[in-house]
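If you want the building blocks of each chain, they are given just below.
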Amino acid sequence: MVEYRIDRRSGVATYVQIVQQTKQALRLGLLVPGDKLPTAREVVEATAINPNTVLKAYRELEREGLVEARRGLGTFVRKSLGATPVDSPLRAELDAWAGRAREAGLEREDVAALFTSVLDEHFTNDHGKGDEE
């Protein structure tokens, strides 16, 4: 089961953080079709956020077709995202790289900026997969 972590200093709306973390769990295979999401009450107890915030996030996930609410039973995953399991060799390489970045004295924000700049170079429309240069 996914455990939500809310960063109140991030500037990102709480419900968006729940949506993002759920999608990340779907991409990593931590959540698969048929899995049950925590109840709104469980999320509220773990994070001290408003129940309506949790319900808003779950409605957004349902609108996107990722989960479905079953009256009296809970909210369940309908489909997964991506194909990168948590035990992927690429994850191990990225973990080692992040360790080296931290040892080099980089802060989290520095690493995020560096990683985002590299992602932007590799995943823009004009440098996409299969494009010829």
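Fair warning: this is a prediction, and the values are worked out from it, not measured in the lab. (Residues numbered from 1 in each chain as written. Predicted model: local features only at pLDDT ≥ 70, side-chain atom pairs only at ≥ 80, totals over all residues. Heavy atoms only, no water.)

## Some points on the pattern of salt bridges
Then step 1. Taken as a whole and assessed by the stated rule, the structure comprises three salt bridges.
Then step 2. A salt bridge links Glu68 to Arg70; the shortest N-O distance between them is 3.2 Å. (Salt bridge = Lys/Arg side-chain N within 4 Å of Asp/Glu carboxyl O.)

## Concerning unusual backbone geometry
Trans peptide bonds make up the majority, and among non-glycine residues the majority have a negative phi.
Then step 1. For Ala48, which is not a glycine, the phi torsion comes out positive at approximately 60°.
Then step 2. For Ala48, a relative accessible area of 63% puts it in the exposed group. (Buried < 20%, exposed > 50% of the residue type's maximum accessible area, 1.4 Å probe, protein only.)

## Some points on the packing of helix α2 (residues 40-47) against helix α3 (residues 51-63)
Then step 1. Running from N to C, α2 and α3 cross one another at 125°; their axes reach a closest spacing of 9 Å. Taken together, the axis directions place α2 and α3 in an arrangement best described as oblique. The handedness of the crossing between α2 and α3 comes out as right-handed. Residues Ala40, Val43 and Val44 of α2 form the contact with α3, whose own contacting residues are Pro51, Val54, Leu55 and Tyr58.
Then step 2. Its residues placed into classes, the contact of α2 with α3 shows seven nonpolar, no polar and no charged. (Axes fitted to C-alpha atoms, helices over the stretch in contact; angles between N-to-C directions. Helix = DSSP H or I, 4+ residues; strand = E, 2+ residues; numbered from the N terminus. Parallel < 35°, antiparallel > 145°, perpendicular 65-115°, else oblique. Left-handed = near helix turned anticlockwise from the far one by under 90°. Contact = heavy atoms within 4.5 Å. Nonpolar A, V, L, I, M, F, W, Y, C, P; charged D, E, K, R; others polar.)

## Section: the nonpolar core
Then step 1. Ranked by size, the top nonpolar core spans 20 residues in total, and within it Ile18, Leu37 and Tyr58 carry the most contacts.
Then step 2. Of all the elements in the fold, those that place two or more residues in this core are α1 (14-27), α2 and α3. (Core = buried A, V, L, I, M, F, W, Y, C linked by side-chain atoms within 4.5 Å.)

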